[in-house]
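Summary of the model geometry
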Amino acid sequence: YFSKLLARLRSCDRVITVSEYWKRFLEKEGCENTDIIYNSFDLAPFRSLQKNAPDFRRKYGIPENAPVIYIGNAIREKGVYEVYEGMKNSGFHLVMTGSKNRAADLPVHFLSLDRNDYLQLLAISSAVIAMSRMEEGWNRIAHEAMLCKTPVIGSGAGGMAELLEKGGQIKLSDPSGLPDAVRKVMDNTSSYAAKGYEYVKQFDLAYFERRWVEVVN
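Reading guide: rules and limits
- Residues numbered from 1 in each chain as written.
- Predicted model: local features only at pLDDT ≥ 70, side-chain atom pairs only at ≥ 80, totals over all residues.
- Heavy atoms only, no water.
- Phe/Tyr/Trp six-rings, centres within 6.5 Å; stacked < 30°, edge-to-face > 60°.
- Buried < 20%, exposed > 50% of the residue type's maximum accessible area, 1.4 Å probe, protein only.
- Lys NZ or Arg CZ within 6 Å of the ring centre and 35° of its normal.
- Core = buried A, V, L, I, M, F, W, Y, C linked by side-chain atoms within 4.5 Å.
- Helix = DSSP H or I, 4+ residues; strand = E, 2+ residues; numbered from the N terminus.
- Contact = heavy atoms within 4.5 Å.
- Pairing = 2+ DSSP bridges.
- Right-handed = clockwise from strand over helix to strand, strands pointing away.

Counting across every chain of the model gives 12 aromatic pairs. Centroid distance phenylalanine 41 to phenylalanine 46: 6.2 Å. Interplanar angle 80 degrees. Geometry classified as edge-to-face. No difference in accessibility class separates phenylalanine 41 from phenylalanine 46, as the two residues are buried. Across from the ring centre of tyrosine 197, 4.7 Å away, lies the NZ or CZ of lysine 149, which sits over that ring.

With that settled, the discussion passes to the nonpolar core. Note on soluble globular proteins: their nonpolar side chains tend to be buried together. The biggest cluster of nonpolar side chains holds 39 residues, and the ones touching the most others in it are Ile62 and Leu121. Those elements that place two or more of their residues in this core are β3 (68–73), α6 (115–124), β6 (127–130), α7 (140–147), α8 (160–166), α10 (189–200) and α11 (205–216). At 6 residues, the largest contribution of residues to this core is made by α6. Residues in contact with leucine 121, not counting those within four places in the same chain, are Phe56, Ile62, Val68, Tyr70, Val95, Thr97 and Leu113. Counting residues in each nonpolar core, the second largest holds 25 residues, with Val83, Met87, Ile170 and Ala181 among its members.

A sheet is described by the order of its strands in space; here 6 strands give the open sequence β5-β4-β3-β6-β7-β8, paired in parallel fashion. Edge positions in the sheet fall to β5 (109–111) and β8 (170–171), since each of these pairs with one other strand and no more. Where β6 meets strand β7 (residues 152–154), 3 bridges bridge the pair, whose relative direction is parallel. The partner of isoleucine 129 across the bridge, within β7, is isoleucine 153.

Time to look at the pairing of β6. Of the two faces of β6, the one holding Ala127 and Ile129 and the one holding Val128 and Ala130 are both buried throughout. Pairing of β3 with β6 involves 2 bridges; the strand directions are parallel. Along β6, the bridge assignment pairs tyrosine 70 with valine 128. Crossover connection from β6 via α7 to parallel β7: handedness right-handed.

This is the structure:
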């Protein structure tokens, strides 16, 4: 299937991808017609989020004064098992989310949230950890966290590396280093928050529309 996909991509007038990582990959496979349009978001919902949100914490049973660490989607491929092993004795309140808990054997606070509450969770988190084991296209959770001005620690798998590096966040391959990395970003939250937000804020709906028009033209 993958070989057939690549053969078809080589014959397309244009192939759009979401990161430099995949553009380079496709070019090595003989696709000379590639272009990048980065993941983009409507920035308006991010402007109304609260950093403390005590009512939100009470609603979902999150301890009022505990530092929250969001560890991503409750699925093995997204690295939640490795994150739990690295963070289980760190004293932080770990949270994972999803439409279904596919890591139910982990003793981690699981929530199934609508989009607004999911973004509010990112906003109250002291850090977001994205230790995906997959070759990511980009990483929308890390991108959204940076729009929430929440520091990110990630594996840098696939296209995520570009996002973390250009956004001034932490790239970490070994989960055993997570507690130290979390403390580092918490000691310098304003710096990591500012660098991340400054990078990703450019990818708004105006950028998205402009890039598609350029490519189609």
